[in-house]
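Each chain is listed here by its residues.
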Amino acid sequence: MLETKIPEGPLEKKWQNYQIQAQLINPANKKKLNIIVVGSGLAGAGAASTLAELGYDIKCFCYQDSARRAHSVAAQGGINAAKNYQHDGDSVWRMFYDTLKGGDFRSREANVYRLAELSAPLIDHYVQQGVPFAREYGGVLVNRSFGGVQVQRTFYARGQTGQQLLLAAYSQLYKMKRAGKVKMYPRHEMLDLVVIDGKAKGIIVRDLVTGALKRFAADAVVLATGGYSRVFRLSTLAIGCNGSAIWKAHKRGAFFAAPSFTQIHPTALPQASDAQSKLTLMSESLRNDGRIWVPLKPGDTRKANDIPEEERDYYLERRYPSFGNLAPRDIASRAAKERIDAGYGVGPLKNAVYLDFQHAIDRMGMETIKDRYGNLFSMYKKITGVDAYQEPMQISPAAHFSMGGLWVDYELMTTIPGLYAVGECNFSDHGANRLGANSLLQASIDGYFVLPNTINNYLSDSLKEQAPSVEHSEFDRVEQEVASHIEKLLNVNGNKTVDHFHRELGQVMWKECAMSRNKQGLIDAIDQIKDIRERYWQQVKITGSSNQLNPELEKGLRLADFIELGLLMCTDALQREESCGAHFREEYQTEQGEAMRRDEDFSFVSAWEYQEGEFKLHRENLQFEYVQPTVRSYK
């Protein structure tokens, strides 16, 4: 039985009740406790700096050369908050409902309400840190809309909101570093978790510069390592993003929740060739003023500006008139895929749709559009050579965000006591589909507000225990396992590159476990991934050695984990015989091609336990006391 630790009381009082009843630790005692934070993005930097400010001794690890390079920097469009500055009917309750509905009723009410409740103070927090949010002429913070809502609640800093928030978090983190309360370990990658007497007590890391394996002990371990959509290879994520830390934790006993819930973003630059290594995100904020369309005639080869208005199909506006171009991401992506598959795609490979700003420019003027989206238009022109002020952008769906992740309770603790997961690497708030601008929100709230208030409940008992030591025999055993795993990979000495196998895995995952899935396709995918795994350990060639800077070895270790994760994702998608949010099973759809949930059988969070290469399903049944699940319609 999974214990969620959801506090008693009315929905709007649960978080307050939790804080009232939570354990406290004397400031002098906090200095005796050590916490490891893996990851330095918004969730990791927020957690590390806040916990250090509270008095804990913090070690923070990141594989990048600087915490500023964490992938939070790449988020563009904005961060949601229920402040109702626009007086358009927004409220904490409406944000809670929009998020719960947006996730197709596959997340906990209590967690989602807490996310909405803490959103407003988070904006105040960032303003105090100096984040340059966009403002009206008179100085008031301005908002815009994102998909799946009918109000304007998104705060933004042009098209670089993630960068500005990360710089604020980074400044707080390095303030604590300079004060001696945080010790930073850049270019160090976590390769395994050390569990002693059932509790997380440390990690094994590899120094990416020297190749040396190192061990670190702590009273608690916090993972803030982001999402795993690089399992598809082509994604909007940075090349280094990976799921290895949470996968190693999973193999040590942490349950993995809803792994098949992965988001395909509707607005990315289309793939141009097989040689490409990643895709480029174009912010969802562009859908505020841009209109998405395809030619009415399939296979139309005319230039976009030569196609008259009456021969264009604004398919989102046609199919979803209430939300139009701001339909949620899963719906917008599937709609684009349907048009492309039906032969209406545009571009050299016929794999894109148009995003057109001509109407917005005519209505509001060029300067307004430049002010709102100038850096995005510049980025588009730099990559494609096309001036999007003069002709439409070409966009296409791409793998983006992971709603799934390690299962956590209300305190953000995994099924391993002492191991916490914050930000995108946990499953907690988004259900089967994340609404736009809720990613920066969840990462920030988990790190700054939630974890610092919940970790005390666990650490208060740690004061009575002996401090963990890296001399413990379990550290010896786990480090030896890591070394053996590395040696095994290097000794394969085959004739195919890591990228060769990653391309194979990505093609299988994109075809069978992305925007649409079906039973036979998933069965075939599992067989194909098992075959890829077998050949990988027989044919891959890793150049160089383990005791040096070796990016090929880094990629090889990560791909070994991605292959196993791919198996779990397909297993989860096969087991969930319904359509909900981003999980679209072709067998379960309405006559209009919309997702068909099966609440009577699948109103639960899938939590998978690793058992010697196999996966055992546990269910966290979802209870809806305040909102009854309804058919999710945006028409």
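Everything numeric in this text was worked out from a predicted model, so none of it was measured.

(A) Quick peek at the overall build of the protein. For the protein, the count of helices and strands is 18 helices and 19 strands. Relative to the 2.2 N^0.38 estimate, which gives 26 Å for 635 residues, the radius of gyration of the protein is 24 Å and therefore close to what a compact globule would have. C-alpha extents for the protein along the principal axes are approximately 75 × 60 × 50 Å. Of all 635 residues assigned to the protein, the portion counted as buried reaches 60%. Put simply, 74% of the contacts in the protein that link residues at least 6 apart link residues at least 24 apart. Each charge class in the protein can be summarised by its mean position, and for the 77 positive and 77 negative side chains these summaries are 4 Å apart.

(B) View of the environment of L191. Counting through the fold element by element, L191 comes out in strand β6 (residues 188-196). For L191, a relative accessible area of 11% gives the class buried. Sequence separation between L191 and V478 is 287 residues, and the spatial gap between their C-alpha atoms is 9.7 Å. Setting aside residues up to four positions removed in sequence, L191 forms contacts with I204, V205, R206, L213, K248, V482, I486 and L557.

(C) Representation of the sheet that holds strand β19 (residues 614-621) within the structure. In space, the 4 strands of this open sheet follow the order β16-β10-β18-β19, with antiparallel pairing throughout. Each of the sheet's edge strands pairs with one partner strand only, and the pair in question is β16 (405-406) and β19. Two strands pair when backbone bridges link them, and strand β10 (residues 256-257) and β16 are joined in this way by 2 bridges, in the antiparallel orientation. Counterpart to F256 in the pairing with β16 is L406. Packed on one face of the sheet, helix α8 (residues 244-251) meets β10, β16, β18 (604-611) and β19 and runs near 75° to β18. Relative to β18, helix α17 (residues 551-575) is tilted by about 140°, and along the sheet it contacts β10, β18 and β19.

(D) Here's a closer look at the environment of L463. With respect to the element layout, L463 can be found in the loop between α13 (439-462) and α14 (473-492). On the accessibility criterion, L463 (34% relative accessible area) is partly exposed. Here the alpha-carbon distance between L463 and Q611, two residues 148 residues apart in the chain, equals 32 Å. The contact partners of L463, leaving out residues within four places of it in the chain, are I25, N29 and L33.

(E) View of the domain arrangement of the protein. Structurally, the protein comprises domain 1 (267-399) and domain 2 (473-600). In this structure, domain 1 and domain 2 have C-alpha centres spaced 31 Å apart. Each partner contributes residues to the interface: domain 1 has 10 residues there, and domain 2 has 10 residues. Both sides together, the interface formed by domain 1 and domain 2 hides about 770 Å², and carbon and sulfur atoms give 52% of it. When the area that domain 1 buries against domain 2 is broken down by residue, the three leading residues are D330, R334 and K337, summing to 53%. Taken together, domain 1 and domain 2 are joined by 1 salt bridge. Salt-bridge contacts for R319 lead to E594; the nearest nitrogen and oxygen are separated by 3.4 Å. One can count 4 residue pairs in polar contact (both at pLDDT 80 or more) joining domain 1 with domain 2. For the side of domain 1 that touches domain 2, the secondary-structure elements that each account for two or more residues are α10 (329-344) and β15 (393-402). Here the side of domain 1 that touches domain 2 takes 4 residues from α10, the largest share from any one element. Classifying every residue of the side of domain 1 that touches domain 2 by side-chain character gives 4 nonpolar, 1 polar and 5 charged.

(F) Spotlight on unusual backbone geometry. At K5, a residue that is not glycine, the phi angle is positive and equals roughly 60°. By the secondary structure assignment, K5 is in the segment before α1 (14-21). A residue is classified by how much of its surface remains accessible, and K5, at 30% relative accessible area, is partly exposed. For N84, which is not glycine, the phi torsion reads 55° and is therefore positive. With respect to the element layout, N84 can be found in the loop between β3 (79-80) and α4 (92-102). Given a relative accessible area of 23%, N84 falls into the partly exposed group.

(G) Structural view of the pairing of strand β8 (residues 213-217). Where strand β7 (residues 199-207) and β8 come together, 5 bridges link them in antiparallel fashion. In the sheet register, I203 faces β8, and the bridge partner there is F216. From the end of β7 to the start of β8, which pair antiparallel, there are 5 residues, and G211 there has a positive phi angle of about 85°.

(H) Focus on helix α12 (residues 366-384). Between its terminal C-alpha atoms α12 stretches only 20 Å, short of the 27 Å expected from 19 residues at 1.5 Å a residue. Y373 marks where α12 bends most, by close to 85°. Burial in α12 covers these residues: I369, Y373, G374, L376, F377 and Y380. Packed against the buried residues of α12 are α11 (358-364) and β15. Looking at the residues trailing α12, positive phi occurs at G385, about 80°.

(I) Inspection of the packing of aromatic side chains at higher detail. All told, the structure shown has 28 aromatic pairs when counted by the stated rule. On the numbers, 4.7 Å between centres and 10° between planes, the contact of F61 with Y185 is stacked. Remark: Y185 occurs in strand β5 (residues 182-186) and F61 occurs in strand β2 (residues 57-62); sequence separation between them is 124 residues. Assigned by exposure class, F61 and Y185 land together as buried. Each ring, one from Y85 and one from F155, has its centre 5.7 Å from the other, and the planes form 75°; the classification is edge-to-face.

(J) Quick peek at the packing of helix α3 (residues 42-54) against helix α7 (residues 161-178). Viewed as axis vectors pointing N to C, α3 and α7 meet at an angle of 35°, and their least axial separation amounts to 9 Å. Handedness of the crossing formed by α3 with α7: left-handed. On α7, the residues that touch L42, A45, A48, S49, A52 and E53 of α3 are L165, L166, A169, Q172, L173, K175 and M176. When grouped by side-chain class, the residues that make up the contact of α3 with α7 number 9 nonpolar, 2 polar and 2 charged.

Rules and cut-offs
Residues numbered from 1 in each chain as written. Predicted model: local features only at pLDDT ≥ 70, side-chain atom pairs only at ≥ 80, totals over all residues. Heavy atoms only, no water. Helix = DSSP H or I, 4+ residues; strand = E, 2+ residues; numbered from the N terminus. Rg over C-alpha atoms; globule rule 2.2 N^0.38 Å. Buried < 20%, exposed > 50% of the residue type's maximum accessible area, 1.4 Å probe, protein only. Contact = heavy atoms within 4.5 Å. Lys, Arg positive; Asp, Glu negative; His and termini not counted. Charge placed at Lys NZ, Arg CZ, Asp CG, Glu CD. Pairing = 2+ DSSP bridges. Axes fitted to C-alpha atoms, helices over the stretch in contact; angles between N-to-C directions. Domains from an automatic or database assignment. Buried area = accessible area lost by both parts, 1.4 Å probe. Salt bridge = Lys/Arg side-chain N within 4 Å of Asp/Glu carboxyl O. Polar contact = N/O pair within 3.5 Å; in protein donor to acceptor, adjacent residues only side chain to side chain. Nonpolar A, V, L, I, M, F, W, Y, C, P; charged D, E, K, R; others polar. Expected span 1.5 Å × (residues − 1). Bend = angle between axes of the 7 residues up to and from the residue. Phe/Tyr/Trp six-rings, centres within 6.5 Å; stacked < 30°, edge-to-face > 60°. Left-handed = near helix turned anticlockwise from the far one by under 90°.

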